[in-house]
Amino acid sequence: MQIDVRFTRLQPSPALAQHAQRRILFALDRFQQQIARVSIRLQDTNGPRGGVDKSCSVEVALLHGGTVRLDEIGEDAYAVVDRAAARLRHSVARTLERAHPRSGPSLATLPLADERKAG
């Protein structure tokens with residue numbers, strides 16, 4: 001899995017880049033075999049004016065086609081990366097589940113507890 005971190009209108013920080021790589025790698029660890037590439041864009045949208053303007057955009061290219069993309073925004077770049085990583089884990093899992101549903105009965109097809117007692 002290839003990870004690319006870029007900064008836009010935000011002072012490049014090796015510590016922030018390493019934090020972003022580490023958090024995203026941890027979030028996607030169980031999906032490594034299904035991911036081709038991850039692009040992380042860290043940006044300061046308002047520049048020196050301040051405010052809630054740090055954003056983290058993550059795009060995950062899956063090996064068998066498809067892309068998962070999400071954006072997170074906030075005041076602190078480290079916190080924004082953390083929230084993006086947490087959301088990304090769920091988004092990739094959901095996308096892969098839709099593409100390759102598990103075999104076996106789904107919860108919707110299992111009998112209810114009352115039906116099992118009656119039958």
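Residues numbered from 1 in each chain as written. Predicted model: local features only at pLDDT ≥ 70, side-chain atom pairs only at ≥ 80, totals over all residues. Heavy atoms only, no water.

**Q** What is the right way to look at the overall build of the protein chain in this model?
**A** Scanning the protein chain from N- to C-terminus turns up three helices and four strands. N-terminal to C-terminal, the α/β element order of the protein chain is β-α-β-β-β-α-α. Each of the 119 residues in the protein chain was classed as buried or not, and the buried ones make up 34%. Taking all contacts inside the protein chain whose residues are at least 6 apart in sequence as the whole, residues at least 24 apart take part in 51%. (Helix = DSSP H or I, 4+ residues; strand = E, 2+ residues; numbered from the N terminus. Buried < 20%, exposed > 50% of the residue type's maximum accessible area, 1.4 Å probe, protein only. Contact = heavy atoms within 4.5 Å.)

**Q** Mind showing me how you'd approach the environment of Leu96 here?
**A** Take Leu96: it is sitting in helix α2 (residues 77-99). Sequence-wise, Leu96 and Gln34 are 62 residues apart; in three dimensions their C-alpha atoms are separated by 8.6 Å. Sequence-distant contacts of Leu96, that is, excluding residues within four places in its chain, are made with Phe31, Gln34 and Leu62.

**Q** How do you make sense of the sheet that holds strand β3 (residues 54-62) when you look at a structure like this?
**A** Each strand in a sheet pairs with its neighbour through backbone hydrogen bonds, running either in the same direction (parallel) or in the opposite one (antiparallel). Strand order across the open sheet formed by four strands is β1-β2-β3-β4, with mixed pairing between neighbours. In this open sheet, the two strands that pair with only one neighbour each are β1 (2-8) and β4 (67-74). The average angle at which neighbouring strand axes cross in this sheet is 10°, direction not considered. Relative to β3, strand β2 (residues 35-44) runs antiparallel, the two being bridged by nine bridges. By the bridge assignment for β3, Ser39 is matched with Glu59. Lying over the sheet, helix α1 (residues 14-28) contacts β1, β2 and β3, oriented at roughly 140° with respect to β2. (Pairing = 2+ DSSP bridges. Axes fitted to C-alpha atoms, helices over the stretch in contact; angles between N-to-C directions.)

Honestly, it's all geometry; don't read function into it.
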